[in-house]
Amino acid sequence: MDDKKPTQPRFTNIRGLIADLNELLDQRMVELRKGTGLDAARPADANLFMMINRNPRTISELARDKGVSRQAVHAGVSRLVELGALRLEPVPGSKRDKLPVPTELGQQARMKAGELLRQLESELEGTLGKEDLELFRSMLIRLLEAAREKKDDNKNKET
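This section reports on the structure supplied with the text. Here the structure is a predicted model, which is why all the values come from computation and not from measurement. (Residues numbered from 1 in each chain as written. Predicted model: local features only at pLDDT ≥ 70, side-chain atom pairs only at ≥ 80, totals over all residues. Heavy atoms only, no water.)

Some details on the overall build of the protein
Moving on, step 1. Each helix and strand counted, the protein has six helices and two strands in total.
Moving on, step 2. Secondary structure elements in the protein, listed N-terminal to C-terminal, are α-α-α-α-β-β-α-α.
Moving on, step 3. Based on the C-alpha atoms only, the size of the protein along its principal axes is roughly 65 × 50 × 35 Å.
Moving on, step 4. With 159 residues in all, the protein has 21% of them scored as buried.
Moving on, step 5. As displayed, the protein offers around 12200 Å² of accessible surface, 55% of which is attributable to carbon and sulfur atoms.
Moving on, step 6. Positive and negative side-chain charges in the protein, numbering 29 and 26 respectively, have mean positions lying 5 Å apart. (Helix = DSSP H or I, 4+ residues; strand = E, 2+ residues; numbered from the N terminus. Buried < 20%, exposed > 50% of the residue type's maximum accessible area, 1.4 Å probe, protein only. Areas by Shrake-Rupley, 256 points an atom, 1.4 Å probe, with all protein chains shown as cover. Lys, Arg positive; Asp, Glu negative; His and termini not counted. Charge placed at Lys NZ, Arg CZ, Asp CG, Glu CD.)

What to know about the environment of Leu-80
Moving on, step 1. Mapped onto the elements, Leu-80 comes out in helix α4 (residues 70–82).
Moving on, step 2. The contact partners of Leu-80, leaving out residues within four places of it in the chain, are Ala-41, Asp-45, Leu-48, Phe-49, Ala-85 and Leu-86. (Contact = heavy atoms within 4.5 Å.)

Thoughts on helix α5 (residues 104–128)
Moving on, step 1. If you check α5, its first and last C-alpha atoms are 36 Å apart, about what 25 residues at 1.5 Å a residue would give, namely 36 Å.
Moving on, step 2. Buried within α5 are the following residues: Gly-106, Gly-114, Leu-116 and Leu-120.
Moving on, step 3. Buried residues in α5 make contact with α1 (14–33) and α2 (43–54).
Moving on, step 4. Looking at where α5 begins, the residue whose side-chain oxygen comes 3.3 Å from the main-chain nitrogen of Leu-105 is Thr-103. (Expected span 1.5 Å × (residues − 1). Polar contact = N/O pair within 3.5 Å; in protein donor to acceptor, adjacent residues only side chain to side chain.)

Structural notes on helix α3 (residues 59–66)
Moving on, step 1. Residues Ile-59, Leu-62 and Ala-63 constitute the buried set of α3. Looking down the long axis of α3, one finds its buried residues gathered within 100° of arc, a one-sided arrangement.
Moving on, step 2. Buried residues along α3 sit in contact with α2, α4, β1 (86–90) and β2 (98–102).
Moving on, step 3. Looking at the residues trailing α3, positive phi occurs at Gly-67, about 75°. (Arc of directions from axis to C-beta.)

Set out below in structure tokens:
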């Protein structure tokens, strides 16, 4: 008889499932990045780099959107600058804020990461099948669009 109990109960709420899946996908990306030259960046810095590429914004905006201190984001950006993946550009009208911008090396890293993402999605397709993976993708897109619209509506109500 196996009397070992799981260390955590199984949760089925959507937010928790997405967080758990995100954690596992991040771990798989770390495995895939090994030996590619992309593994010099910390996983959190790789996520920060992804955020910058998907939606360019200042260090202050990144900190606000991530819900962390400006100093924490600045530390991650600084590490990416040291690796040569980003450069900092001044923001017109601001003496303090900087805009992190991918360098040529950063763009090359982004292309390599894209190849790894295609490999990861191929693995997901092997699990779900092509049709279900595309259905999952379309549902995620719909949820993101709805959440962004709601965020914009709430922002407009505040002003």
